[in-house]
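So the chains spell out like this:
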Amino acid sequence: MTTYVALLRGINVGGKKRVPMQTLRELLSGMGCGSVRTHLNSGNAVFTHPGTDPDELTRELERAIERELGFAVTCMVRDADDIRRVVDADPFAGREVDPARYVVTFLAGPADAEAVAGVDAAAYAPEEFVLAGRELYAYYADGIRDAKLTKVLTERRLGTAGTGRNWNTVTKLAAMAQETQQTEEPAAAGE
């Protein structure tokens, strides 16, 4: 069994696209997932599954949500090791940053690195960003609400869909995934 983290984009915001976490847990269980847990009400789940293709799990979850709830939701599914890599690769490590203003955007695919390279980072200071693989790390020193980078680092510019989570949520999901891995590995070894 592999441990995964699912991140749903744009749900439970302003009364639109309501996905109760109980429903999300039931959908994942119906897909053959085990040890399903959710975090917060914004579409974060940790679970195990015998499959080894996170992209296939993403498509299956998106189909299940649309079939059950009648609307499309973009999902990102990453395995526990990938989430740990995101935390370990923290480009702001060793600096004093407010984790509530530090956001990782998980991308559905690779970003258009050339388009992002054209962004003059100095023009947006004290906001900062680092594109690393399928993640965009951004620190909004003065808060995200009026951040200028959010208007520049759009899905159109990136060339792919994404969903953001603040650093508190990212590290919590990594810890939950690690706990699930540690619980599941001894159980699998005893089978």
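Please read these numbers as outputs of a predicted model, since none were measured by experiment.

Engineer: Looking at this structure, I do not really get the confidence of the model for the chain. What am I missing?
Structural biologist: Predicted coordinates in regions of low pLDDT should not be interpreted in detail. In this model, the chain carries a mean pLDDT of 93, and residues with pLDDT of at least 70 account for 96%. The weakest mean pLDDT in the chain belongs to helix 7 (residues 167–189) at 87; the strongest belongs to strand 3 (residues 44–49) at 98.

Engineer: How do you make sense of the sheet that holds strand 6 (residues 128–132) when you look at a structure like this?
Structural biologist: Strand-to-strand pairing in sheets goes through backbone hydrogen bonds, with the strands running parallel or antiparallel. Here four strands make up an open sheet; going across it, the order is 6-7-5-8 and the pairing antiparallel. Looking at strand neighbours, the two that pair on one side only are strand 6 and strand 8 (162–166), the edges of this open sheet. Sheet twist, expressed as the average angle between the axes of neighbouring strands with direction ignored, equals 20°.

Engineer: Got a minute to help me understand the packing of aromatic side chains in this structure?
Structural biologist: The relation between two aromatic rings is expressed through the spacing of the ring centres and the mutual angle of the planes. Evaluation of the coordinates by the stated rule reveals four aromatic pairs. The interplanar angle of 50° and the centroid separation of 6.3 Å between the aromatic rings of phenylalanine 92 and tyrosine 139 together place this pair among those described as tilted. Separated by 47 residues along the polypeptide, phenylalanine 92 in the loop between helix 3 (80–88) and strand 5 (102–107) and tyrosine 139 in strand 7 (residues 135–139) bring together distant segments of the chain. Ring pairing ties together the aromatic residues Phe92, Tyr102, Tyr139 and Trp167, which thus form one cluster.

Engineer: Help me out: how do you make sense of the pattern of salt bridges in this one?
Structural biologist: Working definition: two side chains of opposite charge can pair if their charged atoms are close together. Under the definition given, this model contains 13 salt bridges. Where arginine 78 meets aspartate 82, a salt bridge forms, and the shortest distance between an N and an O atom there is 3.5 Å. Pair check on accessibility: arginine 78 and aspartate 82 agree, each one buried. For glutamate 135, the salt bridge identified is with arginine 78, shortest N-O distance 2.4 Å. Note that glutamate 135 is positioned in strand 7 and arginine 78 in strand 4 (residues 75–79), a separation of 57 residues in sequence. Look at glutamate 135 and you get buried, because its relative accessible area is 0%.

Engineer: Looking at this structure, I do not really get the sheet that holds strand 3. What am I missing?
Structural biologist: In spatial order, the strands read 2-3-1-4; together these four strands make up an open sheet with antiparallel pairing. Strands with a single pairing partner mark the edges of an open sheet, and in this sheet they are strand 2 (34–39) and strand 4. Shown here is a sheet whose adjacent strand axes are inclined to one another by a mean of 20°, direction ignored. Two strands pair when backbone bridges link them, and strand 1 (residues 2–8) and strand 4 are joined in this way by five bridges, in the antiparallel orientation. In the strand pairing of strand 4, tyrosine 4 is matched with aspartate 79. Contacting strand 1, strand 2 and strand 3, helix 1 (residues 21–30) crosses the sheet at an angle of about 155° to strand 2.

Engineer: Whenever I open this one, the side chain of threonine 180 confuses me. Can you help?
Structural biologist: Assignment of secondary structure puts threonine 180 in helix 7. For threonine 180, a relative accessible area of 5% puts it in the buried group. There is a polar contact of 3.3 Å between the side chain of threonine 180 and the side chain of arginine 37. The contact partners of threonine 180, leaving out residues within four places of it in the chain, are Thr3, Ser35, Arg37, Val46 and Thr48.

Engineer: Looking at this structure, how should I read unusual backbone geometry?
Structural biologist: Glycine aside, the phi torsion of most residues is negative, and most peptide linkages are trans. Following alanine 125, the chain continues to proline 126 via a peptide bond in cis, the omega torsion being 10°. Tracing the sequence through the fold places proline 126 in the loop between helix 4 (113–117) and strand 6. One non-glycine residue, asparagine 12, lies in the positive phi region at around 55°. Tracing the backbone shows asparagine 12 in the loop between strand 1 and helix 1. The exposure class of asparagine 12 is buried, given its relative accessible area of 16%.

Rules behind the numbers
Note on numbering: residues in each chain are counted from 1, in written sequence order. Thresholds applied to this predicted model are a pLDDT of at least 70 for local features of residues and 80 or more for the giving and counting of side-chain atom pairs; totals over whole chains, interfaces and linings are not thresholded and use all residues. Excluding hydrogens and water, the side-chain figures rest on all heavy atoms present in the structure. The score called pLDDT rates the predictor's confidence residue by residue, from a low of 0 to a high of 100. Think of it this way: any DSSP run of H or I at least four residues long counts as a helix, any run of E at least two long counts as a strand, and we number them from the N terminus. For two strands to be treated as a pair, DSSP must find no fewer than two bridges joining them. The axes are straight lines fitted to the C-alpha atoms, using for helices just the contacting stretch, and the angles between their N-to-C directions are given from 0 to 180°. Paired rings are identified among Phe, Tyr and Trp, the last through its six-membered ring, by centres lying within 6.5 Å, and are further divided according to the angle between planes into stacked (under 30 degrees), edge-to-face (over 60) and tilted (the rest). Put simply, a salt bridge is a Lys or Arg side-chain nitrogen that is within 4 Å of an Asp or Glu carboxyl oxygen. Buried residues are those whose accessible area, probed at 1.4 Å on protein chains only, stays under 20% of the maximum for their type, while exposed residues exceed 50% and partly exposed ones sit between those limits. Whether two residues are in contact is decided by their heavy atoms: any pair within 4.5 Å suffices. Think of a polar contact as two N or O atoms within 3.5 Å of one another; within protein, one of them needs to be a possible hydrogen donor and the other a possible acceptor, and neighboring residues in sequence only count if both atoms come from side chains.

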